[in-house]
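Per-entry structural report
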Amino acid sequence: MKELRKKIKELFENGEVDAVLGYREDPATGGVKAAVFKKDETLDDMVFDGRCIQNLVNYLPTLVARYRKVGVVLKGCDGRSLVTQLVEHRISKSQIIALGIGCEGVEIDGREAEKCGDCATHMSPVADYEFGEKEEKKEPTFARVEEIEKMSPVERWKFFADYFAKCERCYACRQICPSCYCEICIADQQEPKWIEPSAKLSANTMWHLIRAYHLAGRCADCGECERVCPQDIPLRLLNNALEKAVHEMFGVRPGTVPEEVPPLVVLNKDDPDRILEGKNE
Amino acid sequence: MNKWHKIKKTDLQKYVSRLAEKWEVWIPRLVDGKWEFGIYDGARDLDLPESIIDVSLKNLFFPKRRAIATFDENSKWSLQPVSPERRPRIILGLHPCDAAGIEYMDKVFLQSEYKDVMYKNERERTILVGMLCNKMGDDCHCTDRGLTPDSTSSMDVAFVNEGEWYFFRSLTDKGKRIMESKYLKETDEGPTKNEWPAGKYSIASPEEFMEMYDDSIWHELSDICLTCGICTYACPTCVCFLVADEKFKGKGERVTVWDSCQLQSYSRMAGGQNTRKTPASRVRNRTLDKFAYSHLRYGRISCTGCGRCIMVCPLKRSFPQLGARLSERIREKEKERTKVPAESKEE
């Protein structure tokens, strides 16, 4: 933390950044909040610890529009998110100084977040400066997805339907997702109206499945959609299932390799074609 | 003023069961760790929370999804209005801020230019039996919004939880209809009065808020807001809705669905123009609607101080805190304006 503060101070003094996006102690709630630090502002209340679960990458496009150059504090998973934004050309790397922090896991309500259990990326894949320990990479397990895959289709449908029925359509999942940035979201389109606006099972299911498919090969598994959901719908599970499929078919885990183009936007002659080969279940 | 009636706490369940024979009785229930209203079926012991109920009453009067008409494209293309539910009902155990929310909805749906017939029907079939709060919750701030935990406005019957007793009092003719019971005994006693502390979110006047419209502070206030819609859904006085036709194989319903000014789609118009594209403009709309526009239109600010927006916010952001911060800025500005420049002072 000391080193991080020192580095940020230095970056400000050298004019290398105009603002730094990080976490600030919030005495009102006893938690931390995303905050933009500017030159000449105190860094004393800047923190990084287990409470810093929020993925800050989603704020970057707005910030780079307002400031010339922005520094950003990144955990491993947030770094993956940043990579996805860079390869989709949503943000230009020239405007970002990435401050990677070796993450030892973050918590929700005092308990280690589920995503940290099978985390394989403790350090941001893209970092101009690295702080703290850098652990070895390991392969993801997808244990939770495999559990769901063992269920019969009927059981699986019931499992998800019970959750989808509770969705309030507040769109917090969409709003916090760095990769959900369509100019007009499919849920908001009027002609044709793909998804009915009312919060009922059929329309909610449509919404969550479409969103998951749109994130296939793009979602970097930051898990924010699941965390912010007021109804605790296990949204990460949907994304994980597609992440697993993409990993099996293309050997790619989105966001882990800088400058790797998302597998679903390029065509390689070696790509598997399970549907044409009749191998799909 | 009608007299107090007292009932032994142990008799309340019997009294409610008796009421449930004639009325549809709604009571607060604990579902998945959250308090919400549900129909009383006698299956569980009656348990009334002493302060804030997590889910507001809005859904009972103005449902999230409400069919207002049906149609069938295959036969004659005509809209048939949905016939309203007529069974009389009692809502028991709501709190003063809930009643204040209904009072505000009355102003919007009944006392303005356009009358909402379905809302009117829900109102007419309902007797509101309010329970005054024994304590204020962590996020409660009704005392900053012109209410107190023992306000009885808009209730038909009010009751107080004290020691071994509940003290009931009817406040309207509608309320008198449920006071005839062997369990309720007229008494000259009354519940003790409480003193309530001011909350932590006092705010400026609506006129002062209006002057902040063009201030640059809105960017600061909206900086980390996701602009999702959950605070508006949880709010007892956010009543915006959209109208949609939902159909399957030619048959369908015309429905009203809760909408939220925090979502980008809310202000998108035909042709694709959007008047509130930035989060700052959307946060401004909601803030001013709660603290200023509502006052101009209906004579009362629409925030009831229930604190549900704090409870549901995914980022644990505090909307009332935002109003308080804004008020602070108003005072700062006022100070700057009234400050006499040092030089002119000497002259």
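**Regarding the overall build of chain B**
Tallying secondary structure elements over chain B gives 12 helices and 12 strands in all. Referenced to the eigenvectors of the C-alpha coordinate spread, the extents of chain B come out at roughly 80 × 65 × 35 Å. Considering chain B as a whole, with its 347 residues, one finds that 38% of them fall into the buried category. When contacts within chain B are restricted to residue pairs at least 6 apart in sequence, long-range pairs at least 24 apart make up 72% of them.

**Some details on the overall build of chain A**
Across its full length, chain A carries 10 helices and 8 strands. Dimensions of chain A, computed from the C-alpha atoms along their principal axes, are close to 60 × 45 × 40 Å. Across the 281 residues in chain A, those meeting the buried criterion constitute 41%. Within chain A, counting contacts between residues at least 6 apart in sequence, those at least 24 apart form 70% of the total.

**As for the domain arrangement of chain B**
Residues and elements named next belong to chain B. Here chain B is described as being made up of domain 1 (4-187) and domain 2 (206-330). Each of domain 1 and domain 2 has a C-alpha centre, and these two points are 25 Å apart. Facing the 34 residues of domain 1 at the interface are 26 residues of domain 2. Broken down by secondary-structure element, the contributors of at least two residues to the side of domain 1 that touches domain 2 are strand E4 (65-72) and helix H3 (96-109). Per-class residue counts for the side of domain 1 that touches domain 2 are 16 nonpolar, 6 polar and 12 charged.

**Here we look at the sheet that holds strand E5 (residues 80-81) of chain B**
Spatial strand order, E5-E4-E12-E11 (chain B): 4 strands in an open sheet with antiparallel pairing. Pairing within the sheet leaves two strands with one partner each, and these edge strands are E5 and strand E11 (241-248) of chain B.

**Things to note about unusual backbone geometry**
Here the amide bond leading from Glu191(A) into Pro192(A) is cis, since omega sits at -5°, within 30 degrees of zero. A positive phi is found at Thr227(B), a non-glycine position, where the angle reads about 50°. As for its placement among the helices and strands, Thr227(B) is situated in the loop between helix H7 (217-221) and helix H8 (230-234).

**A look at the sheet that holds strand E3 (residues 34-39) of chain B**
Residue and element names in this part refer to chain B. Reading across the sheet, the 8 strands line up as E3-E2-E6-E7-E8-E9-E1-E10 and stay open at both edges, with mixed pairing between neighbours. In the strand order of this sheet, the two ends are held by E3 and strand E10 (185-187), each with one partner. Neighbour to neighbour, the strand axes of the sheet diverge by 30° on average, direction disregarded. With 3 bridges joining them, strand E1 (residues 4-8) and E10 adopt antiparallel strand pairing. Looking at E10, one finds that Trp4 is bridged to Thr187. Across the face of the sheet, H3 comes into contact with strand E6 (89-94) and strand E7 (126-131) while running at roughly 145° to E7.

**A short note on the interface of chain B and chain A**
In this assembly, 22 residues from chain B lie in contact with 20 residues from chain A. Broken down by secondary-structure element, the contributors of at least two residues to the side of chain B that touches chain A are H8, E11 and strand E12 (251-258) of chain B. With 3 residues, the single largest contributor to the side of chain B that touches chain A is E11(B). Counted by class, the side of chain B that touches chain A contains 12 nonpolar, 5 polar and 5 charged residues.

**As for helix H11 (residues 319-338) of chain B**
All names here are of chain B. Over its 20 residues, H11 runs 29 Å from end to end, which matches the ideal 28 Å to within 8%, given 1.5 Å per residue. The set of residues buried in H11 consists of Phe319, Pro320, Leu322, Gly323 and Leu326. For H11, the angular spread of buried residues about the axis comes to 155°, placing them on one side. Turned more than 90 degrees away from the buried face of H11, the exposed residues are Arg331, Glu332, Lys335 and Glu336.

**What about the environment of Leu30(B)?**
Residue and element names in this part refer to chain B. Summarising the element assignment, Leu30 is placed in strand E2 (residues 24-31). The partly exposed category is assigned to Leu30, around which 14 C-beta atoms lie within 10 Å. For the pair formed by Leu30 and Asp54, sequence separation is 24 residues and the distance between their alpha carbons is 9.4 Å.

**A short note on the environment of Gly175(B)**
Residue and element names in this part refer to chain B. Among the secondary structure elements, Gly175 is positioned in helix H5 (residues 173-176). Take Gly175: there are 21 C-beta atoms within 10 Å of it, and that puts it in the buried class. Along the sequence, Gly175 and Thr126 sit 49 residues apart, while their C-alpha atoms lie 9.9 Å from each other. Apart from residues lying up to four places away in sequence, Gly175 is in contact with Ile127, Asp156, Val157 and Ser170.

Thresholds, definitions, all that
- Residues numbered from 1 in each chain as written.
- Chains lettered and ligands numbered in written order.
- Predicted model: local features only at pLDDT ≥ 70, side-chain atom pairs only at ≥ 80, totals over all residues.
- Helix = DSSP H or I, 4+ residues; strand = E, 2+ residues; numbered from the N terminus.
- Buried ≥ 20, exposed ≤ 12 C-beta atoms within 10 Å, placed from the backbone.
- Contact = placed C-beta atoms within 7 Å.
- Domains from an automatic or database assignment.
- Nonpolar A, V, L, I, M, F, W, Y, C, P; charged D, E, K, R; others polar.
- Pairing = 2+ DSSP bridges.
- Axes fitted to C-alpha atoms, helices over the stretch in contact; angles between N-to-C directions.
- Expected span 1.5 Å × (residues − 1).
- Arc of directions from axis to C-beta.

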